[in-house]
Amino acid sequence: MARLGTRRPVAERPKRRRTSTARSEPPQDGQLLIERQAHDGRGVARNAEGKTLFVERALPGERVIVAVHAEHRRYDEAHVRELLALVPERVTPACTHFGQCGGCDLQHQALDAQRAHRRAVLTEQFAHHDLILPEIELIGDDARQSAGYGYRRRARLGVRVDSDGALYFGFRRRSQDNLFNITQCPILTPRLEALLKPLRHQLEQLEAPRRVGHVELLELDGQCCLSIRQLREVPGDIERWRAFADEHQLALVMGIGREQPVWHRLDDGPPLQQTVNVAGNGPVTLELAPGDFLQANAAVNQQLVNTVLEWSEVGPGEQVLDLFAGVGNFTLPLAALGARVTALEGRAAMVDRLQHNAARNGLARQITARVADLAEYASLAVAEPDRADLVVLDPPRSGARTLARQLAMAQPARVVYISCDPATLARDVRILVEGGYRIERAAVADMFPQTSHQESVLLLRRVDER
Ligand SMILES: C[S@@+](CC[C@H](N)C(=O)[O-])C[C@H]1O[C@@H](n2cnc3c(N)ncnc32)[C@H](O)[C@@H]1O
C-alpha cells in the first residue's frame, strides 16, 4: 500500500473538453488538496479562486496536481496528473484498464474506505431531509475474502468494427461513447473473465462481425450463458457460435433483428436458474431468462435476502406485498416462511416467470403475481396495501415517490425498502417518516465493490407498533 509522501506520476486522461459555458482562458493547472469525496467517488478540491473541482481518482487528504478536462460555470472536472502526497487508503487497482474504463471508479481505494464512503453518502443524503439514521450495518462480508473482485455475474460487452476493419470488443470509455478493447475485467466472476480472450478470437473468426451488436455474459448456479445480439442473420456465424458454446459449455441465446430482436435459446441445456437459500427452510430455485433483472452479485444477494427475512420478522399467514418483484428474488423466500405474498412487477414476461417459479417450488397457493405499473397510483390501490402486514419494495433508481405517499396512507406495520439510489431512498423515506414511521435499521450492501454504485436497505416500522 502506498504511503503519504510518495510521489507517483499518473497516466494521462482524455483530451480537454469544453462545455458551452467554457471560459475563454484555460485555468492554470496547480497543486490542490482533496478535501472530501463526492457521491460519485471523485475527490473534491477548491482552486486558488475558490472554484470547486471534481477530481477523478483522487482521495480525501491527498495533494495532487490536476489537469482540467471539462469547465463549467460553477465547477470544473479534472483528473490527476501527479500525486504529490498519498493517503494510506490508496491501493493499486487490480485492472490495467482502470481509469480508462467506464465501469469501475473506486479501484484505487481500499475496500474498507469504500465502505466508509458508502455509509457517509447514505448519512448525508438522509441529512438533506433532516433524517438521522441508526448505526449503518454492512451486508456483504464475503467481499473481504476476494478483496471485492470476482463477483460480477453479468456483463454486456459492445462489439464494433470501424471503417478500417478494426474490431473493438469491450466496454465504453469513461465519460465517452466509444468502445475500447478489454483484455481483462477482474470484477467479473473468474469463469466469465476467462471467456473474454476466446470471445475476442471468436469474433475475429466470424464471417460478419459487423452484424454483432453486443455480447452478454451471465453466470448462474455454475452455469454460464452467452447471449448474442445479432443485427442480421448470418447462418454460417450462427453455426460458429454453436460450436463456440459447445466448446466452452455455455448456454447460447441469440436475438436477431435490428429493432426489436426475437430471442431464441439455441442449445438444449437445462433452464437458467439461481438458487436462494432460506434459513431453516432449504433452498428455492428461480428460473430466469437472460434479459430479466438479476442482482449483480450472487453472494451479496443471498445476504440481502437473509437480511430482508431477518429484519421483517415475517411469520406464517402474514400478508406481504412485494413491490418491483422481478422473478421472485424476495417473493419466494418470504412465501417459503409461510407468508401470503402479492407480488407486483412491471414486466409481463417476468411475472410469468415468477408464477412459474412459485409453482415449481410448491408455493403457488401462497403467491399471487400481477403485472402492474407502479408509477401509476391505481396499480397499488388494487393490491389493498392497507391489509398488508409487511411491504417489501425494491424500485429502480427513480425510486417510488407515489408509492411512498400511498404506503403512508395505507399504514402497513413494517416496510423494508431496498434501494440502488440513496437520494431517491432518502426522499421517499422522508414521506414515510412524515406519515408516521420510524427508521429502525439501516444497512449498505457491498453489491458493487470497486464502483460508486450503492445498494442500501432500510427497515421502517409504524411508530405506534411495539
Ligand atoms: C431493482 S429491480 C428488483 C427486482 C427484484 N426485487 C429482485 O431482487 O430481483 C426493479 C424491478 O422493478 C421493475 N420495474 C421497473 N419499473 C417499474 C414500474 N414502473 N412498475 C413496476 N415494476 C417496475 C423492473 O422490471 C425490475 O424487475
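Structure: see above.
Keep in mind that this is a model prediction, so the values were computed, not measured.

Draft legend 1. Structural detail: the environment of Ala208. Secondary-structure assignment places Ala208 in the loop between helix 4 (196-205) and strand 13 (212-220). Considered as a pair, Ala208 and Glu233 are 25 residues apart in the sequence and their alpha carbons are 9.7 Å apart. The residues touching Ala208, leaving out its near neighbours within four places in the chain, are Val234 and Asp237.

Draft legend 2. Broad picture of the pairing of strand 20 (residues 340-345). With respect to burial, strand 20 is a largely interior element, five of its six residues being buried. The pairing of strand 19 (residues 319-323) with strand 20 spans five bridges and is parallel. Opposite Asp322, over in strand 20, you have Ala343 as the bridge partner. Read from strand 19 through helix 7 (residues 331-336) to strand 20, the crossover connection turns out right-handed.

Draft legend 3. Main features of the packing of helix 1 (residues 111-128) against helix 11 (residues 422-434). Viewed as axis vectors pointing N to C, helix 1 and helix 11 meet at an angle of 40°, and their least axial separation amounts to 9 Å. Taken together, the axes of helix 1 and helix 11 lie oblique to each other. In this structure, helix 1 meets helix 11 at a crossing whose hand is right-handed. Every residue of helix 11 that contacts helix 1 at Val121, Leu122, Gln125 and Phe126 is listed here: Pro422, Ala423, Leu425, Ala426 and Val429. A breakdown of the residues in the contact of helix 1 with helix 11 according to their chemical character gives eight nonpolar, one polar and no charged.

Draft legend 4. Representation of helix 4 within the structure. Among the residues of helix 4, Leu196, Leu199, Gln202 and Leu203 are the ones counted as buried. Around the axis of helix 4, the buried residues are gathered within 120° of arc, so they sit on the same side. On its buried face, helix 4 sits against strand 10 (154-161), strand 11 (167-172), helix 3 (190-193), strand 13, strand 14 (223-230) and helix 5 (235-247).

Calculation rules
Residues numbered from 1 in each chain as written. Predicted model: local features only at pLDDT ≥ 70, side-chain atom pairs only at ≥ 80, totals over all residues. Heavy atoms only, no water. Helix = DSSP H or I, 4+ residues; strand = E, 2+ residues; numbered from the N terminus. Contact = heavy atoms within 4.5 Å. Buried < 20%, exposed > 50% of the residue type's maximum accessible area, 1.4 Å probe, protein only. Pairing = 2+ DSSP bridges. Right-handed = clockwise from strand over helix to strand, strands pointing away. Axes fitted to C-alpha atoms, helices over the stretch in contact; angles between N-to-C directions. Parallel < 35°, antiparallel > 145°, perpendicular 65-115°, else oblique. Left-handed = near helix turned anticlockwise from the far one by under 90°. Nonpolar A, V, L, I, M, F, W, Y, C, P; charged D, E, K, R; others polar. Arc of directions from axis to C-beta.

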